[in-house]
Amino acid sequence: MRKDTSVQPVKKAHEPFVHITKRGELVWWRAWLIRAGALILAMLLCGLVTVMITDLRPMDVYVALFNGNFGPEVDTWVVFRDMAILLCISLAVTPAFKMRFWNIGAEGQVLMGGLASAACMIYIKDAVPNWLLLLIMLAASLAVGALWAAIPAICKAKWETNETLFTLMMNYIATQLIAFLTIFWERPKGSGTIGVINQMSEAGWMPSLFGNRYVLCIIIVAALTVAMFIYLRYSKQGYEISVVGESENTARYIGINVGRVIVRTMILSGAICGLAGFLLVGGIDHTITTTTAGGQGFTAIMVSWLAKFNPIFMSLTAFLITFLQKGAQQIATGFRLDPSFSDILTGIILFFIIGCEFFIHYKLNFRTAQKEEK
Amino acid sequence: MSNQNAIELRGVTKRFGSVVANHNVNMDVRKGEILAVLGENGCGKTTLMNMIAGIYYPDEGQIFINGQEVIIRSPKDAFRHGIGMIHQHFKLVDVFSATENIVLGIKEEDRYNLKKSMERVGEISARYGFDLHPEKKIYEMAVSEKQTVEIVKVLYRGADILILDEPTAVLTPQETQKLFSVLRRMRDDGKSIIIITHKMHEVLSISDRVAVLRKGEHVATVNTAETNEGQLTELMVGKKVALNLNRSQPKNVTDRLVVEHLTCINREGVKVLDDINFVARSGEILGIAGIAGSGQRELLESIAGLQNVSEGDVFYNNPKTGETVDLRDKTPLQIRDLGVRLSFVPEDRLGMGLVGNMDIIDNMMLRSYRRGKSVFVDRKKPKDLAQDIISRLEVVTPDANTPVRRLSGGNVQKVLIGREIAASPTVLMAAYPVRGLDINSSYTIYDLLNQQKENGVAVIFVGEDLDVLVELCDRILVIGSGRITGVVDGRSATKEEIGYLMTASMEKEEEAHA
């Protein structure tokens, strides 16, 4: 506690130890220097924490982090595949977030998209050629994902409901719907899972390209990234999204139908989530469970936000987060630690990455000795 | 140190990022005086006062209260040193009574003894001549009464130094006089009063001394009795400025916009516009005067197609085709498709007229981006327009790619008005176009409005400074509580006459209540 200055005999008042001031615009490289510094600090702390609670050498930790992604025991294509899926969902939430529509229902939209694909695989099987089945699955996933996103959007546009709560609730409905259908479709009976669908015929499985099963999936997402970048930056609709997001009043003032833009953008957002569901079910898992989306609908928000909604930067942040997750998993499993340990490490790193934004916008001024003497 | 001074500032500096809000300010406030702090908008008056009141903490410099150096880190610290600030935007709880608001947050023993508090409030009111009902709820109060509550709140906490931030902005001329007599009584009681303002005639009538700030620096403190408007303006702006508006005789006057029986009911069911009838003519500036929030915004927005109108019509006479169309229940887009060239400079520039985070080019595009069949936007033409406006209106900006929120108030307004005029309108509506602008920018804007008038545009100008309204407008519409209380001729009307009309409707209402 500071003493009351009026009773203090000394003339010099006590200057506070630190006070915060806002910075001007930082040069871009200094901002990146701060971010890089934060990442290094986070790594050091991760190493320290690991060494403190386990008996590993610090270097082992970093090696394991790297090996989790590019080591001899792992399939690096899987790392890029997972990154592609995360990036796909991040691209999906971006237009909504740019519009300041807090769509936290990507998880449910992905699940519903996946469910649509799974249903097509189960009911159509090899009744049609595989390419046709894949197209049907794609169309169904896009439509169902879009529908799942359009419901909260329409309610928001018409009755100003809260989109955050609404989209969150839609997630639970999606999860429960899949839990129900899992029992309905379970195979063999009593197993409680659907199992791999069409294992023999591989109907509805995405084809391999260049001898790898995941290349097609990665190419699709890469194309989508470029398309989204162009859409947001150069199209009229992208411009409308920015205007609605920045100021609804301005949008109304220049004659944009705000409700229409909200619904249109959410349909797009949901459809891309549906695409992610299609990729997951048709291209990777060939089954559906309640954990198919695996929380990536929420991680995607972070990816999108860290990249400041720029799709090109998003490929970097998506890579960073996938890299961290894989590496942390390797540390946890490789050294036979509890799986939650990897969450602790990722948590530390994200805390630093997000926290360093404070130092980009604000400066701490410490009390200087020189002033004390005056 | 002398005990004459209630406050002394020594070398006070405050920066916000790269913006220096105050630089090395040295200033004194004496005991028992009214000090006016004068300066153009954005010169750092409010920031400086906020540092004394504990809202901001200075980056450098010292503050002395009664000769003792103090550190003021919060409004609570400020109160402990007897400093109270009345902010421009009131901070009151609507559903509480005046007394409840006044004692809110005080930590003393009998703070729950409302009866005793009420007595003290009454005491203070009687002492300084406030007109305050201690039990009246805030939501039942007029703006001037709310301000009274804020002042009493500060006095109740035992403040000896009062800071008032633009207290007259929301008051009519009559209410201002009342406030000033209260302030004089407080001064005679030994209190120090700092009043922030940019209205020259008020400074001259109320203050003992005037401290002039320019671009964050304290340029001079002069005795009010020994100065005049010209000298103060020169100090404020830094150079001599010629302040005159030329008003040409309207030419080729025809009825452009005919508003009949316009009535608007807001979401709360309150009639914000009540049976409005008027005509806006081409080649004329029609002024709209009234206390802030009397329905000016709703009136312009219902013409622009942004408000739901419950009754009445807005007829537009198209000068090209000679046709008359009704704009009621049309969206802004439909209005444009009808060939109505209506430009609107709204009151909230960055929240409605422009997008703060977008650069000048993208803001130019707001009106025109729909043109053409392509799904992609064309940034070429908006870029040319941006360059044109920057050079023609002398917008101070690093380049056309700078986000408009980083421009100063005057430059933001030039960008907005520039865009609206570039659409070659037949009707131009401008709501408080010079609010927050420095003197030079204000006169640029007035000149632009005059040019538009001479080009045959029907200009509708909502203003707050009555001195300007009577100098600039051909006709002035006075609005009070959503009703038109009078239409006067700009060349013959006086400020007092308009001030009387502004409050006329309210007095009638009060009579009706009684």
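Treat the numbers as computed from the prediction; the structure is a model and nothing was measured.

> Help me understand the overall build of chain A in this model?
Helix and strand content of chain A: 14 helices and two strands. Each of the 374 residues in chain A was classed as buried or not, and the buried ones make up 49%. Partitioning the intrachain contacts of chain A with sequence separation of at least 6 by distance along the chain shows that 75% fall at a separation of at least 24. Of the roughly 18,500 Å² of accessible surface on chain A, 67% is carried by carbon and sulfur atoms. If you average the places of the 30 positive and of the 23 negative side-chain charges in chain A, the two averages end up 9 Å apart.

> Would you mind going over the interface of chain B and chain A with me for this structure?
Where interface size is quoted, it is often the accessible area lost as the parts come together. At the junction of the two partners, chain B supplies 50 residues and chain A supplies 37 residues. Summed over both partners, the interface of chain B with chain A buries about 3,500 Å², with 51% contributed by carbon and sulfur atoms. Seen at the junction of chain B and chain A, the total is one salt bridge. Glu 160 of chain A serves as the salt-bridge partner of Arg 267 of chain B, at 3.6 Å between the closest nitrogen and oxygen. For the interface between chain B and chain A, the tally reads 22 residue pairs in polar contact (both at pLDDT 80 or more). For the side of chain B that touches chain A, the elements supplying multiple residues, two or more each, are strand 1 (5–16), strand 4 (60–65), strand 5 (68–70), helix 2 (75–80), helix 10 (332–337), helix 11 (349–353), helix 12 (360–368) and helix 14 (409–422) of chain B. The residue inventory of the side of chain B that touches chain A, partitioned by class, reads 21 nonpolar, 11 polar and 18 charged.

> Please explain unusual backbone geometry as it appears in this structure.
Note: most residues except glycine have negative phi, and most peptide bonds are trans. Residues and elements named next belong to chain A. The backbone of Lys 125 shows a phi angle near 50°, a positive value even though the residue is not glycine. Here Lys 125 shows up in the loop between helix 4 (106–124) and helix 5 (130–159). Looking at Lys 125, the relative accessible area reads 45%, which means it is partly exposed.

> Sorry if this is basic, but what is going on with empty space enclosed by the protein here?
In this structure the tally under the stated criterion is two cavities of 30 Å³ or more. By volume, the largest cavity is sized at about 40 Å³. Met 43, Cys 46, Val 61, Tyr 62, Leu 65, Ile 331, Leu 345 and Ile 349 of chain A are the residues that line the largest cavity. Looking at the lining of the largest cavity, the elements that each hand over two or more residues are helix 1 (28–53), helix 2 (58–70) and helix 13 (340–361) of chain A. Element by element, the count of residues in the lining of the largest cavity is highest for helix 2 of chain A, at three residues. Along the lines of polarity and charge, the residues of the lining of the largest cavity split into eight nonpolar, no polar and no charged. The calculated volume of the second largest cavity comes to roughly 30 Å³. In terms of lining, the second largest cavity is formed by Arg 392, Leu 393, Gly 418, Ile 421 and Leu 448 of chain B.

> Any chance you could explain a nonpolar patch on the surface here in plain terms?
All names here are of chain A. On the surface, a nonpolar cluster with roughly 660 Å² of combined accessible area is contributed by Phe 17, Ile 20, Phe 358, Phe 359, Tyr 362, Leu 364 and Phe 366. Counting residues per element, the ones that place at least two in the nonpolar patch are helix 13 and strand 2 (362–366). Considering each element in turn, the nonpolar patch owes the most residues, three residues, to strand 2. Positionally, Ile 20 belongs in strand 1 (residues 18–22).

> Is there a simple way to think about the side chain of Asp 474 of chain B in this case?
Residues and elements named next belong to chain B. Its place among the elements puts Asp 474 in the loop between helix 16 (466–472) and strand 19 (475–480). A residue is classified by how much of its surface remains accessible, and Asp 474, at 2% relative accessible area, is buried. Within the local environment of Asp 474, its side chain forms a polar contact with the side chain of Arg 491, the two groups lying 3.1 Å apart. Discounting residues that sit within four places of it in the chain, Asp 474 has contacts with Arg 247, Ser 248, Pro 250, Gly 283, Glu 284, Ile 285, Lys 453, Asp 489, Gly 490 and Arg 491.

> Even after reading the chapter, I still don't get the sheet that holds strand 20 (residues 483–489) of chain B, so can you show me in this structure?
Paired through their backbone hydrogen bonds, the strands of a sheet run either parallel or antiparallel. Residue and element names in this part refer to chain B. Taken in spatial order, the six strands of this open sheet run 16-17-18-13-19-20, and their pairing is mixed. Where the open sheet ends on each side, the last strands, each with one partner, are strand 16 (342–345) and strand 20. Averaged over all adjacent pairs, the angle separating strand axes in this sheet is 15°, with direction ignored. When strand 17 (residues 427–431) meets strand 18 (residues 458–462), the two strands line up parallel, connected through five bridges. Within strand 18, the residue paired with Val 427 across the bridge is Ala 458. Sitting on the sheet, helix 14 is in contact with strand 16 and strand 17, with an inclination near 170° to strand 16. Contacts from helix 15 (residues 439–454) reach strand 13 (284–289), strand 17 and strand 18, with the element oriented near 150° to strand 18.

> It is not clear to me how the domain arrangement of chain B should be interpreted in this structure. Could you clarify?
Residue and element names in this part refer to chain B. Assigned domains within chain B: domain 1 (5–237), domain 2 (253–341 + 426–514) and domain 3 (350–423). Domain 2 and domain 3 are separated by 25 Å when their C-alpha centres are compared. Taken residue by residue, the interface counts 15 residues in domain 2 and 12 residues in domain 3. When domain 2 packs against domain 3, the two sides together hide about 1,100 Å² of surface, and 69% of this comes from carbon and sulfur. Here domain 2 and domain 3 share zero salt bridges between them. Taken together, the links from domain 2 to domain 3 amount to two residue pairs in polar contact (both at pLDDT 80 or more). Among the elements of the structure, helix 10 and helix 15 are those that each provide at least two residues to the side of domain 2 that touches domain 3. Among the residues making up the side of domain 2 that touches domain 3, the classes are represented as nine nonpolar, three polar and three charged.

> I'm lost on the pairing of strand 1 of chain A in this one. Help?
The side chains of a regular strand alternate between both faces of the sheet. Residue and element names in this part refer to chain A. In strand 1, alternate side chains face the same way, and those of His 19 and Thr 21 are buried while those of Val 18, Ile 20 and Lys 22 on the opposite face are not. Here strand 1 runs beside strand 2; their pairing, made up of five bridges, is antiparallel. Among the inter-strand pairings, His 19 is bridged to a residue of strand 2, identified as Asn 365.

Calculation notes
Residues numbered from 1 in each chain as written. Chains lettered and ligands numbered in written order. Predicted model: local features only at pLDDT ≥ 70, side-chain atom pairs only at ≥ 80, totals over all residues. Heavy atoms only, no water. Helix = DSSP H or I, 4+ residues; strand = E, 2+ residues; numbered from the N terminus. Buried < 20%, exposed > 50% of the residue type's maximum accessible area, 1.4 Å probe, protein only. Contact = heavy atoms within 4.5 Å. Areas by Shrake-Rupley, 256 points an atom, 1.4 Å probe, with all protein chains shown as cover. Lys, Arg positive; Asp, Glu negative; His and termini not counted. Charge placed at Lys NZ, Arg CZ, Asp CG, Glu CD. Buried area = accessible area lost by both parts, 1.4 Å probe. Salt bridge = Lys/Arg side-chain N within 4 Å of Asp/Glu carboxyl O. Polar contact = N/O pair within 3.5 Å; in protein donor to acceptor, adjacent residues only side chain to side chain. Nonpolar A, V, L, I, M, F, W, Y, C, P; charged D, E, K, R; others polar. 1 Å grid on protein atoms, 1.4 Å probe; cavity = no way out; pocket = protein on both sides within 12 Å on 5 of 7 lines; lining within 4 Å. Points joined across faces, edges and corners; volume = space filled by probe spheres on them. Patch = residues over 30% accessible without salt bridge, like charges linked within 9 Å, V, L, I, M, F, W, Y side chains within 5 Å. Pairing = 2+ DSSP bridges. Axes fitted to C-alpha atoms, helices over the stretch in contact; angles between N-to-C directions. Domains from an automatic or database assignment.

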